[in-house]
Amino acid sequence: MKNSSFFECIECGFQGPKYYGRCPQCQAWNSLVESAPMEEEESPESLGSQSPQKINAIDPQEIQRLLTGMDEFDRVLGGGIVTHSVILIGGEPGVGKSTLLLEVAAVLSEKGKKVLYYSGEESAVQIKLRAERLSIHSDNIFLFTIGTLEDLQRHVKELKPDFLIVDSIQTITSRKTQSLGGSVSSLRLITAAIIELAKKNGITVFIIGHITKEGQLAGPKTLEHMVDAVLYFQGEMQTDIRLLRAEKNRFGPMNEIGIFQMTEKGLTSVNDPSQVLIQNRQSRLPGTAIFPAMNGLRPLLIEIQALVSESPFAGNPRRIAIGFDNYRLSMLLSIIEKKLKLPFYKSDVFLNVTGGMIIREPAADLAVCSALISSYKNISADPNAVVMGEVGLTGEIRPISFLETRLKEAIRQGFSTFCLPAAQNQMTNNNDLSVFFIENLLDFFQHMKK
Ligand SMILES: Nc1ncnc2c1ncn2[C@@H]1O[C@H](COP(=O)(O)OP(=O)(O)OP(=O)(O)O)[C@@H](O)[C@H]1O
Ligand SMILES: [Mg+2]
């Protein structure tokens, strides 16, 4: 393929010798663009890098963290920003990425740090208007709009900022990558150049990235491998709640979530997220269950909703899960069918984890089953009940991790009835609580019918 052009998918990075209307790898339509191969630069024999060091001789203090004071932001990064790291933030249009990073720039500049903010999407005046609305007046934030990678490199050298914000990576071009257009190779190259710039000059970088229709950061997975942390900023546009999720973090736990509220004055950290997440629930209606999910190290109460209705597609009912794994949903439905003899194969099943949350833990199995059975049988669950447990293929309820932490959060939010795995019955007796230890799915079904 050398020295001749090829076609590359801008969504996933697939490369092929000819044009396809639909990418054979990620199935996206009209996503292939023509690209030319890069002119390879000669690499020097040696980069003059340092010689290997003994691991014992390295001072762990070298990793320094900076607390921004925006609690939820610091939490997602594992306890503040690790200086000299490169952090990628993805999110849908209009979710508030620029707002979030301008606020971060403001708190950093208040701490005496110099911030260079590059925007390829908005003019300096537009950003100034946003700053006015957020009451940001700082002498330490420098704006630079609509330019090339080479301009950026020059400004970094001259200004010597502590932090660089790139809004967004898709809007930077470079003389070197002109032939590549907006292709994935070009994106990768520009990201690599910015990372090099950061490491050489000892600056910390935030990069904003666009996301695809599927909610992935545009560009191949390699972009995510290149940076130290990948955060996704999400939210349902009808509500003012925004979630910041750590999908990858070299310096902190994964799946940590920060919860913000979008107001006219900007984003504020939410103090009691569990309360916000379950505030609109219709607890007395069938088809819901409450589950304390672990997000990083913090438990958050989450509402799981199910809708089971007679299927018009005999033999081919729909199974749709939002915020939960589709395969796991199918597995749980099969276990319920087999163990409880409930003919779900005749029903369409929709499962939704509310508030845009995602549950990836098997510990939520029993709560999912509870919502499914409750909707199918039209039985309202106890509004004060919390259900936890992993469901095995034989219908047995298996123990879960972080039981104590989850219980504490549920009790704090006023829940008093608990269905827990029988294997974890060493729980202390508390007279104000009703606790039911569940052996298997049939056991749980009997309990629900009471
Ligand atoms: N006056 C206002 N009052 C309340 N919220 C506002 C106001 N102006 C803007 N917003 C909020 O800010 C959001 C836009 O924020 P921002 O421009 O930071 O998003 P973004 O993710 O950077 O978008 P893009 O992808 O277009 O760059 C709006 O969707 C809205 O929720
Ligand atoms: Mg923006």
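Reading guide: rules and limits
Residues numbered from 1 in each chain as written. Chains lettered and ligands numbered in written order. Predicted model: local features only at pLDDT ≥ 70, side-chain atom pairs only at ≥ 80, totals over all residues. Helix = DSSP H or I, 4+ residues; strand = E, 2+ residues; numbered from the N terminus. Contact = placed C-beta atoms within 7 Å. Pairing = 2+ DSSP bridges. Near = placed C-beta within 6 Å. Nonpolar A, V, L, I, M, F, W, Y, C, P; charged D, E, K, R; others polar. Buried ≥ 20, exposed ≤ 12 C-beta atoms within 10 Å, placed from the backbone. Arc of directions from axis to C-beta. Axes fitted to C-alpha atoms, helices over the stretch in contact; angles between N-to-C directions. Parallel < 35°, antiparallel > 145°, perpendicular 65-115°, else oblique. Domains from an automatic or database assignment. Core = buried A, V, L, I, M, F, W, Y, C linked by C-beta atoms within 7 Å.

Helix and strand content of the chain: eleven helices and 23 strands. Its C-alpha atoms put the chain at 75 × 55 × 50 Å along the principal axes. Partitioning the intrachain contacts of the chain with sequence separation of at least 6 by distance along the chain shows that 65% fall at a separation of at least 24.

The next thing to look at is the sheet that holds strand 3 (residues 32-35). One open sheet accounts for three strands, arranged 2-1-3; its pairing is antiparallel. Both outer strands of the open sheet, strand 2 (15-16) and strand 3, are each paired with one neighbouring strand and no more. Where strand 1 (residues 6-9) meets strand 3, four bridges bridge the pair, whose relative direction is antiparallel. Within strand 3, the residue paired with Glu8 across the bridge is Val33.

Below, the discussion takes up the site of ligand 1. Taken together, Gly91, Pro93, Gly94, Val95, Gly96, Lys97, Ser98, Thr99, Glu121, Arg133, Met262 and Glu264 form the complete shell of residues around ligand 1. When residues of the shell around ligand 1 are assigned to their parent elements, the largest contribution, three residues, is made by helix 2 (residues 97-110). Split into classes, the residues belonging to the shell around ligand 1 amount to three nonpolar, five polar and four charged.

Once that is clear, we can look at helix 11 (residues 441-449). Residues lying three or four places apart along an α-helix face the same way, a consequence of the helix completing one turn every 3.6 residues. Among all positions of helix 11, only Leu441, Phe444 and Phe445 are buried. For helix 11, the angular spread of the buried residues around the axis is 100°, confining them to a single face. Packing partners of the buried residues in helix 11 comprise helix 8 (326-340), helix 9 (365-377), strand 20 (390-391), strand 22 (417-421) and strand 23 (434-438).

Structurally, Arg319 is set in strand 17 (residues 319-322). Classification of Arg319 as partly exposed rests on a count of 16 C-beta atoms within 10 Å. Residues Arg319 and Leu329, ten residues apart in the sequence, show an inter-C-alpha distance of 7.8 Å.

Across the eight residues of strand 15 (residues 288-295), eight count as buried, placing the element largely inside the fold. Residue alternation in strand 15 divides its side chains into two sets, Thr288, Ile290, Pro292 and Met294 and Ala289, Phe291, Ala293 and Asn295, and both sets are buried. Where strand 15 meets strand 16 (residues 298-310), eight bridges bridge the pair, whose relative direction is antiparallel. Within the sheet, the bridge partner assigned to Ile290 lies in strand 16 and is Glu303. In this structure, the hairpin formed by strand 15 and strand 16 is closed by a connection of two residues, where Gly296 is found at a positive phi of approximately 65°.

Let's shift gears to the packing of helix 8 against helix 11. Closest axis-to-axis distance for the helix 8/helix 11 pair is 10 Å, and the angle between their directions is 80°. Classified by the angle their axes make, helix 8 and helix 11 are roughly perpendicular. When helix 8 is examined against helix 11, the residues Ile335, Ile336, Lys339 and Leu340 are found in contact with a partner set consisting of Leu441, Leu442 and Phe445.

Segmenting the chain into domains produces domain 1 (1-36), domain 2 (64-271) and domain 3 (276-449). Just the C-alpha atoms count here: the centres of domain 2 and domain 3 sit 37 Å apart. Listed per partner, the contact involves eleven residues of domain 2 and six residues of domain 3. Of all the elements in the fold, those that place two or more residues in the side of domain 2 that touches domain 3 are strand 12 (241-249) and strand 13 (257-263). Split by residue class, the side of domain 2 that touches domain 3 holds six nonpolar, three polar and two charged.

So, about the nonpolar core. Grouped together as the largest cluster of nonpolar side chains are 63 residues, with contacts concentrated most on Ala105, Ile165, Val166, Val205, Ile207 and Leu231. Counting residues per element, this core draws most heavily on helix 2, which supplies seven residues. Formed jointly, this core draws a minimum of three residues from each of two domains, domain 1 (1-36) and domain 2 (64-271). Ignoring any residue separated from it by four or fewer positions in sequence, one finds Ile207 in contact with Val86, Leu88, Val166, Ile169, Ile194 and Val227. Core analysis: the second largest hydrophobic core is formed by 51 residues, Val349, Leu351, Ala364 and Val387 among them.

A few words on the pairing of strand 6 (residues 86-91). Within strand 6, six of the six residues are buried, leaving the element largely enclosed by the surrounding structure. Side-chain alternation along strand 6 places Val86, Leu88 and Gly90 on one buried face and Ile87, Ile89 and Gly91 on a second face that is also buried. Here five bridges tie strand 6 to strand 10 (residues 204-209), and the two strands are oriented parallel to one another. Paired with Gly90 across the two strands is Gly209, which belongs to strand 10. Where strand 6 meets strand 11 (residues 229-234), five bridges bridge the pair, whose relative direction is parallel. If you follow Gly91 over to strand 11, its bridge partner there is Phe233.

Backbone-to-backbone hydrogen bonds pair the strands of a sheet. The strands run either parallel or antiparallel. Taking strand neighbours across the sheet as the criterion, the nine strands line up as 8-7-9-10-6-11-12-13-14 in an open arrangement whose pairing is mixed. The open sheet terminates on both sides in strands that have one partner only, identified here as strand 8 (141-145) and strand 14 (266-269). Each strand of the sheet is rotated relative to its neighbour by a mean of 25°, with strand direction disregarded. Here helix 4 (residues 149-159) sits on the sheet in contact with strand 7 (115-119), strand 8 and strand 9 (163-167), set at roughly 165° to strand 7.

As for its placement among the helices and strands, Lys449 is situated in helix 11. Judged by local crowding, Lys449 falls into the exposed class, with 9 C-beta atoms found within 10 Å. Sequence separation of Lys449 and Ser380 is 69 residues, and the distance between their C-alpha atoms is 9.7 Å.

For the peptide bond that leads from Asp167 to Ser168, omega is -5°, which places it in the cis range. If you trace the backbone, Ser168 turns up in the loop between strand 9 and helix 5 (184-201). We note that Ile146 has phi near 45°; this positive angle belongs to a residue other than glycine. Topologically, Ile146 is positioned in the loop between strand 8 and helix 4. With 15 C-beta atoms counted inside 10 Å, the residue Ile146 sits in the partly exposed group.

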